[in-house]
Amino acid sequence: MYAQLVETGAKRLKTLEEMSPEEREFQEKVDAETKIEPKNWMPEGYRKTLVRQISQHAHSEVVGMLPEGNWVTRAPTLKRKLQLMAKIQDEAGHGLYLYSAMETLGADRDEEIEKLHQGKAKYSSIFNYPTLNWADMGAVGWLVDGAAIVNQVVLQRTSYGPYSRAMVRICKEESFHQRQGYQILLDMMREGTEEQKAMVQDAINRLWWPALMMFGPHDDESPNSQQSLAWKIKRKSNDELRQMFIDQTIPQLEFLGCTAPDPDLKWNEETGHYDFGEINWQEFYDVLNGNGPCNRERINTRKKAIDEGAWVREAAVAYAKKQKQRAQEAA
Amino acid sequence: MTEAEALKEYLLRLADSDMILGQRLCELCGKAPALEEEMALMNVALDLVGQARNWYEYAAELIDDGRDADKLAFRRDAHNYRNLLLTEQPNEGYAVTMGRQFFFDVWHYFTLKSLAGSSDERIAGIAAKALKEATYHLRRSSEWVKRLGDGTDESHQHMQDAVDILWRFTGELITPDDTDRVMAEAGIGPDPDQLAKDWRGMVNEVLTQATLTPGAEDAWMYMGGKHGEHTEHLGFILAEMQFLQRAYPDATTW
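Presented here is a report on the structure given in the accompanying data block.

Procedures and definitions
Residues numbered from 1 in each chain as written. Chains lettered and ligands numbered in written order. Predicted model: local features only at pLDDT ≥ 70, side-chain atom pairs only at ≥ 80, totals over all residues. Heavy atoms only, no water. Helix = DSSP H or I, 4+ residues; strand = E, 2+ residues; numbered from the N terminus. Expected span 1.5 Å × (residues − 1). Buried < 20%, exposed > 50% of the residue type's maximum accessible area, 1.4 Å probe, protein only. Arc of directions from axis to C-beta. Contact = heavy atoms within 4.5 Å. Axes fitted to C-alpha atoms, helices over the stretch in contact; angles between N-to-C directions. Parallel < 35°, antiparallel > 145°, perpendicular 65-115°, else oblique. Left-handed = near helix turned anticlockwise from the far one by under 90°. Buried area = accessible area lost by both parts, 1.4 Å probe. Salt bridge = Lys/Arg side-chain N within 4 Å of Asp/Glu carboxyl O. Polar contact = N/O pair within 3.5 Å; in protein donor to acceptor, adjacent residues only side chain to side chain. Nonpolar A, V, L, I, M, F, W, Y, C, P; charged D, E, K, R; others polar.

Across its 21 residues, helix 13 (residues 310-330) of chain A extends 30 Å between first and last C-alpha, which sits within 8% of the 30 Å expected from 1.5 Å per residue. Taken together, the buried positions of helix 13 of chain A are occupied by Trp 311, Val 312, Ala 315, Ala 318 and Tyr 319 of chain A. Buried positions in helix 13 of chain A, seen along its axis, are confined to an arc of 125° and lie on one side of it. The outward face of helix 13 of chain A, more than 90 degrees from its buried face, is lined by the exposed residues Val 317, Lys 321, Lys 324 and Gln 328 of chain A. On its buried side, helix 13 of chain A packs onto helix 12 (295-308) of chain A together with helix 4 (94-115), helix 5 (121-149) and helix 6 (153-166) of chain B.

In a packed pair of helices, the relevant descriptors are the angle between the two axes and the axis-to-axis distance. Residue and element names in this part refer to chain B. Packing of helix 1 (residues 3-26) against helix 2 (residues 35-63) leaves a shortest axis separation of 8 Å and a crossing angle of 155°. If you check the angle between helix 1 and helix 2, you find them roughly antiparallel. The handedness of the crossing between helix 1 and helix 2 comes out as left-handed.

It is worth spelling out the interface of chain B and chain A at this point. Contacts between the two partners involve 50 residues from chain B, matched on the other side by 49 residues from chain A. Counting each side, the surface lost to burial between chain B and chain A is near 4300 Å², with a carbon and sulfur contribution of 71%. The partner of Arg 302 of chain A in a salt bridge is Glu 38 of chain B, and the shortest N-O contact between them spans 3.6 Å. Summed over the shared surface of chain B and chain A, the result is 15 residue pairs in polar contact (both at pLDDT 80 or more). Where the side of chain B that touches chain A is concerned, the elements lending two or more residues are helix 1, helix 2, helix 3 (69-74), helix 4, helix 5, helix 6, helix 10 (233-241) and helix 11 (243-247) of chain B. Counting residues per element, the side of chain B that touches chain A draws most heavily on helix 2 of chain B, which supplies 12 residues.

Now for the packing of helix 7 (residues 161-191) of chain A against helix 8 (residues 194-213) of chain A. Residue and element names in this part refer to chain A. Running from amino to carboxyl end, helix 7 crosses helix 8 at an angle of 140°, the nearest separation of the two axes being 8 Å. Taken together, the axes of helix 7 and helix 8 lie oblique to each other. Where helix 7 crosses over helix 8, the two elements pack in a sense that is left-handed. Listed contacts from helix 8 to Leu 185, Met 188 and Met 189 of helix 7 are Gln 196, Lys 197, Met 199 and Val 200. Among the residues making up the contact of helix 7 with helix 8, the classes are represented as five nonpolar, one polar and one charged.

Here's what the structure looks like:
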C-alpha cells in the first residue's frame, strides 16, 4: 500500500465518446479486466499515475525500514530479533521488487529516489511517526502492515500486470508480518507485566489514528480517485478500504483487551459496520507536507545513506568496467 | 582446563562473535549505500544471529544453570562476553564494514569447515548448516574487498585504510589459547596451525587481487576478547542490545 494521494492529472473523467481510438481500446481492455502489460499502449496519464503510485509504494517500503531499524538493535529476545530482521529484509526486497515494476514503465529508479530526497516524492505518512517503545514493533506489524494488506489485497486486481503480480507476492509476506506483529502484542497482553501491557496500549494510542490516515483523504468528489478507479489502478475508494480495515481490526483489538483512542467508535447495528470519529485532517496534511514528527529525520537518513554511499557505488562500477576490460584483453 | 569446561567456553566464543557482528550489522539498517546492500547486510546479520542462537542453545544445555539462550545473550555483561574484538569494531564507513566482514568471514569459513567434521555431533550439525551461509558471506565480502580495493583511487584509499585500522584485531583470530588447543586435541575444534595457515593464505590472496597491502605478520596485535577483555565499544553495544531485558527484569515473555 502506502500510496495515499496520487496525482492523476485528471480534472474530470473523459467519456468513451471523447476518447481517441487508442484511448477507447485501452479503456475497453481495462473494463474487460484484461491486464495492461509494459509493451501495450497506454495513456500518458495512466503511465505517470502508475509511476507515482508504485514509486510512492516503493519509497514507503524503504523508508518504512527506519522505524523498525530503530528497534532492531534493541529487540528483547533472539526470536523477536530474528523476526524483525527478517521483516526488514522482506521490506528491502519489496522495495527492490516495486522499483523494478516501476521501471517497466520507463521510469528510472535513481531519478525517482532523487525526487524523494528532494522532498518532491511522497511516501506513506505513517513512517513519519516515531517508534517509542518495543510494543510499537507489534503495533506496526499489526496495524500498519494490516492497513497495507487491506489495500494491497485489492490491488492484486489492479489493471497493470507487473504491479498486480508484485502485489500478489508482497501480500503473502505482509500477512505473515501482520500475524507476527499481533502475536507480539498478544503475548505481552496475556503473559506480560503491567509495564508491558501499558506499552501495548501506549503503542496503540499513538499509532491508531496514523494507521487510519494511511488510506488517504475522503475521496468523494476527488478527481484523482475517480480517474484511478476508472483506470482500475485503484479498485476501491479510500473510505471503503478504511471501513474494511476498521471492521476487521476492532474484534482483534477487543481480543487483545485493549481500546482505541476514539470515543465515537461503536458498532452500528443498522449499517453492519463500526462508526468511528473524524480523522484529524489537519494533522494528515501537515505530515504529508513535511511537518510530521520524523519527516526530516527519515529523509535525512535516506539521503545520507545514498550520498555517503556514492563512492561505494562508483567503485563497484569502476571495478566491473576493469573486469570487463581484462576479460576482453584475455580473450 | 577440562574438556567439558573448554567446550562451554568455546561455544560461547562462537555464539558471541556471531551475535556481536550481527548486532553491528543491524545498526546499518536503512543506512546501506544501495538497496541491494540493505538486503544483503540484513541477510548476513540474520544468518549470524540465527547461528548465535544455535550455539547459545547448545551452550545453555551444557552450562545447565537455568539460563536459556536468551539469558546468555541478553543478561551477561561485557567481561563475560567471549567474542573476537574484531566483531565489536564500529561501522566506520563501508570499507571498514566490509573489511571487518571479510577478515571475520575467512576465519568463520575455515572454522566452520573444520567444525562440520567435529567429533561432537551437535557441533558438526550446526556447523554444516552454518558453513553454507558462511560460504556465501565470504564470497560476498571478498568481492567487495576487491571492488573497493581495485575500484577507484578513492575507494582504494578507503579500503587500504580499513585494512590498516583492522589489522591489529586479526591476530586474535589465529592465535590459539588453551581452550582452542583442548578443543583441537579432543577433535572438536579446528587445528590451530592449519586454521592460521588457511586464514593467512586466503587473506593474502584476496588482498593481492584487490591491490591492497596486508599488515605485517609480526605486527602488534590487540587481543583479549576471547577472555572477556574487550575494547570500550562492547559496553555500549550491550547497553543497547540488552536494554529491554535489563530495564524490565521481571518480564518473562516478550
